[in-house]
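Residue-level listing of the chains:
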Amino acid sequence: MGRIYLPLADMLTFGVDERDILEDGKGEALLRLLRFEGARAEALFKLGQGGLSAADGARLYFCHLLSGTYMALLRELQASDFKAGKDKVTVSTGKKLGMGLRTAVSSIIGTLPL
């Protein structure tokens, strides 16, 4: 759709411009940028999870579930070394159901799901 959701300052730091992303989608500079952003996202997920109280598990069920889903998507991208290109990265229905069940059980017994 022609949208780029990467910080412009980071793109400049890594020497990546819009054409590198929209037209080519390859290159060592872009790969370094994506690895950096992936590591940043992972650190932010962990920071956010640290702020979620186990006692609030039931109240924050969907927050835990969505966090787990997006973390799984990030891990898929990292596992492929960001080679998804224009292919859509997804989490399988089975994996989503498993995360939902773990999150539900965790919210009942008062532990965090991730």
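Residues numbered from 1 in each chain as written. Predicted model: local features only at pLDDT ≥ 70, side-chain atom pairs only at ≥ 80, totals over all residues. Heavy atoms only, no water.

Enquirer: Which parts of the structure should I look at to understand the overall build of the chain?
Expert: Along the chain, the regular secondary structure elements total five helices and zero strands. Counted from the first residue to the last, the chain has its helices and strands arranged as α-α-α-α-α. (Helix = DSSP H or I, 4+ residues; strand = E, 2+ residues; numbered from the N terminus.)

Enquirer: What is the right way to read the pattern of salt bridges from this model?
Expert: Pairs may arise between side chains of opposite charge once their charged atoms sit close together. For the structure shown, the criterion picks out six salt bridges. Ionic pairing is found between aspartate 10 and arginine 40, a salt bridge with its closest N-O pair at 2.7 Å. With aspartate 10 in helix α1 (residues 8–14) and arginine 40 in helix α3 (residues 28–50), this residue pair connects regions lying 30 residues apart in the sequence. By relative accessible area, aspartate 10 is classed as buried at 11%. Arginine 40 sits in the partly exposed class, given a relative accessible area of 33%. Between aspartate 81 and arginine 35 there is a salt bridge whose closest N-O contact spans 2.6 Å. Within this pair, whereas aspartate 81 is found in the loop between α4 (61–79) and α5 (93–109), its partner arginine 35 is found in helix α3, the two being separated by 46 residues in sequence. By relative accessible area, which is 23% here, aspartate 81 ends up partly exposed. Judged by relative accessible area, arginine 35 falls into the partly exposed class, the value being 36%. By sharing partners, the salt bridges in this structure join Asp10, Glu37 and Arg40 into a single network. (Salt bridge = Lys/Arg side-chain N within 4 Å of Asp/Glu carboxyl O. Buried < 20%, exposed > 50% of the residue type's maximum accessible area, 1.4 Å probe, protein only.)

Enquirer: What should I look at first to understand the nonpolar core in this one?
Expert: Across soluble globular proteins, nonpolar side chains show a tendency to be buried alongside one another. Met11, Val16, Ile21, Ala29, Leu30 and Leu33 form the largest nonpolar core, which has six residues in total. By residue number, the principal contributor to this core is α3, which donates three residues. (Core = buried A, V, L, I, M, F, W, Y, C linked by side-chain atoms within 4.5 Å.)

Enquirer: Help me understand α4 in this model?
Expert: Think of an α-helix as turning once every 3.6 residues; residues three or four places apart then point the same way. With 19 residues, α4 ought to run about 27 Å at 1.5 Å a step, and its terminal C-alpha atoms sit 27 Å apart, in line with that. Just downstream of α4 lies aspartate 81, where phi reads positive at about 55 degrees. (Expected span 1.5 Å × (residues − 1).)

Enquirer: Sorry, what's going on with the environment of glycine 38 here?
Expert: Checked against the element boundaries, glycine 38 lands in helix α3. With 40 residues separating them along the chain, glycine 38 and glutamine 78 place their C-alpha atoms 7.2 Å apart. When residues no more than four places from it in sequence are discounted, the contact partners of glycine 38 are Leu74, Gln78 and Phe82. (Contact = heavy atoms within 4.5 Å.)

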